[in-house]
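# Topology and contacts: notes
Listed below, chain by chain, are the residues.
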Amino acid sequence: MEQLIELLKSIHPEIDYETCNTLIDDNIIDSFDIVTLISEINDEYDVAIPADEITPDNFNSAKALYQLIERLSDD
């Protein structure tokens, strides 16, 4: 999870990703940020995020995003 937090902080260092659960709802991250994150996650975790998994629920918090990475890693 620490690696993911660092990736997120590289995009928006001012956000407290430990507590924020409205990254999409509050327009903190936008579509460009999501594309960047998907690329970084692929590089860092060797996980490809399919298009049908790119949903607000999966990107609204660091915790949700980490759960997505773990789920996709298990497949």
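Everything in this summary refers to the structure shown in the same document. (Residues numbered from 1 in each chain as written. Predicted model: local features only at pLDDT ≥ 70, side-chain atom pairs only at ≥ 80, totals over all residues. Heavy atoms only, no water.)

## Brief notes about the nonpolar core
Ile-29, Ile-41, Phe-59 and Leu-65 are the most contacted members of the largest nonpolar core, which totals 24 residues. Beyond its immediate chain neighbours, meaning those up to four positions away, Ile-29 contacts His-12, Leu-23, Ile-24, Ile-34, Leu-37 and Phe-59. (Core = buried A, V, L, I, M, F, W, Y, C linked by side-chain atoms within 4.5 Å. Buried < 20%, exposed > 50% of the residue type's maximum accessible area, 1.4 Å probe, protein only. Contact = heavy atoms within 4.5 Å.)

## Quick word on the environment of Ile-34
Along the chain, Ile-34 turns up in helix H2 (residues 31-45). Judged by relative accessible area, Ile-34 falls into the buried class, the value being 14%. Here the alpha-carbon distance between Ile-34 and Ile-54, two residues 20 residues apart in the chain, equals 8.4 Å. Once you skip the residues sitting within four places of it in the chain, Ile-34 turns out to touch Ile-24, Ile-29, Ile-54 and Phe-59. (Helix = DSSP H or I, 4+ residues; strand = E, 2+ residues; numbered from the N terminus.)

## Things to note about the packing of H2 against helix H4 (residues 62-74)
Viewed as axis vectors pointing N to C, H2 and H4 meet at an angle of 50 degrees, and their least axial separation amounts to 12 Å. When the axes of H2 and H4 are compared, the pair comes out oblique. Crossing angle aside, the handedness with which H2 passes H4 is right-handed. Residues Leu-37, Ile-41 and Tyr-45 of H2 touch H4, and the partners they reach there are Leu-65, Tyr-66 and Ile-69. Taken together, the residues of the contact of H2 with H4 break down into 6 nonpolar, no polar and no charged. (Axes fitted to C-alpha atoms, helices over the stretch in contact; angles between N-to-C directions. Parallel < 35°, antiparallel > 145°, perpendicular 65-115°, else oblique. Left-handed = near helix turned anticlockwise from the far one by under 90°. Nonpolar A, V, L, I, M, F, W, Y, C, P; charged D, E, K, R; others polar.)

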